[in-house]
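# Commentary on secondary and tertiary structure
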Amino acid sequence: MRGLSRCLVVSALFLMPLLGVRAEERLRVVATTTQAADLVRAIGGERVALTALMSGGVDPHQYKPTASDIAAMNAAQAVIYSGLNLEGQFEKVFEALGQRMVRTYALSEPVLQAGFLLEEAHGVLDPHFWFDPRNWMLAAEGLAELLAELDAPNAAFYRANAAAYSAQLEALYGWAHSALTDSAIPEAKRVLITSHDAFRYFGDAFGWRVRGIQGISTVAEASVSDIQAVAELLAAEGIEVIFIESSVPRATVEAVIAAARARGVEVRLGVRALYSDAMGDPDKFGGTYLEMIVHNVITILQSFGYKVPPLPARLALSLPEDFQAR
Ligand SMILES: [Zn+2]
């Protein structure tokens with residue numbers, strides 16, 4: 001029976017061009033960052049032919065589009081990017097795309113409209129908005145509306161995907177919030193020190209103070225005074241753990257550890273690098289947005305020696321052994 005129906009499907013596919021029926025066309029979409037690509041997969045599913053430009057571990061602040069990236073963007077119906085100057089090297093390409101009538105869409109746009117963006121000291125908007133899952137819900141809904149507009153016959157499909165995904169994001173937010181604000185973690189100890197300032201939204205969402213050695217972009221290198229200032233903070237507050245980010249070279253973090261040691265303070269590295277501006281490769285745990293947040297939360301808890309609560313069933317994630325609740 002199963003073999004017969006497969007046979008029918010195959011012959012129907014062969015017949016389609018003969019009958020003048022075009023195979024259903026999928027939307028051609030390009031996504032810049034790993035997070036943007038994952039969201040396009042979650043909302044667009046099989047209705048979208050996706051080209052993802054950046055791979056795991058790539059720093060979007062520094063990434064320059066290649067000739068084949070530009071060709072893919074020129075041939076696309078829509079280019080989905082994060083925005084707020086995160087993709088600092090794409091400005092000219094985006095301008096040119098606008099002239100070619102390729103639709104460009106910043107996932108940060110609905111978050112900006114809702115007034116949930118954080119400002120950096122100099123009035124610059126912090127681009128790392130995805131680290132609050134509630135912001136990512138807005139991005140998911142915004143993307144669904146864009147795809148619904150570009151492919152109206154499938155509008156209900158995109159909106160249903162966004163609703164299902166938002167329910168998962170809500171479960172993720174609830175789990176992460178209760179894990180990171182557990183009463184076993186003294187409030188004074190809730191401090192996250194990382195390579196660059198990618199975690200301000202994360203800290204805001206989950207009640208942790210954050211401090212990056214570099215500012216909100218990795219383009220300017222950390223100065224000696226940045227390194228000394230963070231070492232001083234570690235010493236003054238007795239902070240014992242500092243985190244490397246997967247997309248940022250580890251040299252500045254090591255310089256801070258050495259500077260803290262010179263002050264007589266022993267600081268250890270987190271048990272794993274955190275995912276910040278890039279997620280993991282798709283075959284690793286951390287290769288999707290949901291996994292990236294879970295990866296970071298568990299890595300933080302384990303690094304400080306705190307309890308990892310079980311994941312909500314709604315996330316449908318299976319943890320690698322070294323991440324398991326204990
Ligand atoms: Zn960044």
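Residues numbered from 1 in each chain as written. Predicted model: local features only at pLDDT ≥ 70, side-chain atom pairs only at ≥ 80, totals over all residues. Heavy atoms only, no water.

### Concerning the coordination of the zinc ion
Here the zinc ion is held by the protein donor atoms His 61 (NE2), His 128 (NE2), His 196 (NE2) and Asp 277 (OD), which lie 1.9 to 2.1 Å from it. Considering all 4 donor atoms around the zinc ion, angles at the metal cover 90 to 124° and the coordination shape is tetrahedral. (Donors = N, O, S within 2.8 Å, 3.2 Å for Na, K, Ca; no water. Tetrahedral: all angles 85-135°; square planar, octahedral: opposite > 155°, others 65-115°.)

### With respect to the domain arrangement of the chain
Considered domain by domain, the chain is made up of domain 1 (19–175) and domain 2 (183–323). Taken residue by residue, the interface counts 38 residues in domain 1 and 38 residues in domain 2. Contact between domain 1 and domain 2 buries roughly 3,200 Å² in total, counting both sides, with carbon and sulfur atoms accounting for 63%. Summed over the three residues of domain 1 that lose the most area to domain 2, namely Phe 131, Leu 172 and Trp 175, the buried surface amounts to 27% of that side. Counting the contacts that link domain 1 with domain 2 gives 1 salt bridge. One can count 21 residue pairs in polar contact (both at pLDDT 80 or more) joining domain 1 with domain 2. For the side of domain 1 that touches domain 2, the secondary-structure elements that each account for two or more residues are helix H2 (34–44), helix H6 (133–150) and helix H7 (155–180). When residues in the side of domain 1 that touches domain 2 are grouped by element, the largest group, 8 residues, is from H7. (Domains from an automatic or database assignment. Contact = heavy atoms within 4.5 Å. Buried area = accessible area lost by both parts, 1.4 Å probe. Salt bridge = Lys/Arg side-chain N within 4 Å of Asp/Glu carboxyl O. Polar contact = N/O pair within 3.5 Å; in protein donor to acceptor, adjacent residues only side chain to side chain. Helix = DSSP H or I, 4+ residues; strand = E, 2+ residues; numbered from the N terminus.)

### Focus: helix H10 (residues 251–262)
It helps to recall that an α-helix has 3.6 residues per turn; residues three or four apart then point in one direction. Taking 1.5 Å per residue, 12 residues should reach 16 Å; H10 reaches 17 Å between its end C-alpha atoms and fits that length. Every buried residue of H10 is listed here: Thr 252, Val 253, Val 256, Ile 257, Ala 259 and Ala 260. For H10, the arc enclosing every buried residue in end-on projection is 165°, short of the 170-degree limit, so these residues lie on one face. Turned more than 90 degrees from where H10 packs its buried face, Ala 251 and Ala 262 sit exposed. Those residues of H10 hidden inside the fold are in contact with strand E5 (191–196), strand E6 (209–214), helix H9 (224–237), strand E7 (241–242) and strand E8 (268–269). Phi for Gly 264, located one or two positions after H10, is positive at around 80°. (Expected span 1.5 Å × (residues − 1). Buried < 20%, exposed > 50% of the residue type's maximum accessible area, 1.4 Å probe, protein only. Arc of directions from axis to C-beta.)

### So, the packing of H6 against H7
Following both chains from N to C, one finds H6 and H7 inclined at 175°, their axes separated by 9 Å at the closest point. For the element pair H6 / H7, the angle class is roughly antiparallel. Taken together, the residues of H7 that come into contact with H6 (itself represented by Pro 133, Arg 134, Trp 136, Met 137, Ala 140, Glu 141, Ala 144, Glu 145, Leu 147 and Ala 148) are Ala 155, Tyr 158, Arg 159, Ala 162, Tyr 165, Ser 166, Leu 169, Glu 170, Leu 172 and Tyr 173. A breakdown of the residues in the contact of H6 with H7 according to their chemical character gives 14 nonpolar, 1 polar and 5 charged. (Axes fitted to C-alpha atoms, helices over the stretch in contact; angles between N-to-C directions. Parallel < 35°, antiparallel > 145°, perpendicular 65-115°, else oblique. Nonpolar A, V, L, I, M, F, W, Y, C, P; charged D, E, K, R; others polar.)

### Looking at the packing of aromatic side chains
Applying the stated criterion to the full structure yields 17 aromatic pairs. Look at Phe 129 and Trp 130: their rings are 5.9 Å apart centre to centre, the planes differ by 75°, and that puts the pair in the edge-to-face class. Judged on exposure class, the residue Phe 129 and its partner Trp 130 are both buried. The rings of Phe 129, Trp 130, Phe 131, Trp 136, Tyr 173, Phe 199, Phe 202, Phe 206 and Tyr 289 are connected pair by pair, giving a single aromatic cluster. (Phe/Tyr/Trp six-rings, centres within 6.5 Å; stacked < 30°, edge-to-face > 60°.)

### Notes on the nonpolar core
In this structure, Ile 43, Leu 107, Trp 136 and Tyr 289 are the most contacted members of the largest nonpolar core, which totals 69 residues. At 11 residues, H7 tops the list of elements feeding residues into this core. When residues of this core are assigned to domains, at least three map to each of domain 1 (19–175) and domain 2 (183–323). Those residues in contact with Tyr 289, other than ones at most four positions away along the chain, are Asp 38, Trp 130, Asp 132, Pro 133, Trp 136, Tyr 165, Leu 169, Leu 172 and Met 279. Of all hydrophobic cores here, the second largest spans 18 residues; its members include Val 230, Ile 239, Ile 257 and Ala 260. (Core = buried A, V, L, I, M, F, W, Y, C linked by side-chain atoms within 4.5 Å.)

### Focus: unusual backbone geometry
Even without being glycine, Met 101 reaches a positive phi, approximately 65°. Structurally, Met 101 can be placed in the loop between helix H4 (91–99) and strand E4 (103–106). Phi is positive for Ala 316, close to 50°, though the residue is something other than glycine. On the basis of relative accessible area, Ala 316 is assigned to the exposed category, the value being 65%.

### Observations concerning the pairing of E5
Within E5, 6 of the 6 residues are buried, leaving the element largely enclosed by the surrounding structure. For E5 and E6, the ladder comprises 5 bridges, and the chain directions are parallel. Across the sheet, residue Thr 194 finds its bridge partner in E6, namely Gly 212. Each parallel crossover has a hand, and the one from E5 via helix H8 (residues 200–206) to E6 is right-handed. (Pairing = 2+ DSSP bridges. Right-handed = clockwise from strand over helix to strand, strands pointing away.)

### A closer look at the pairing of strand E3 (residues 78–81)
The side chains of a regular strand alternate between both faces of the sheet. Taking every second residue as pointing to the same face, both faces of E3 are buried, with Ala 78 and Ile 80 on one and Val 79 and Tyr 81 on the other. Where strand E1 (residues 27–31) meets E3, 3 bridges bridge the pair, whose relative direction is parallel. Note on E3: the bridge partner recorded for Ala 31 is Ile 80. Where E3 and E4 come together, 4 bridges link them in parallel fashion. Residue pairing for E4: Val 79 is matched across the bridge by Thr 104. Handedness of the crossover joining E3 and E4 through H4: right-handed.

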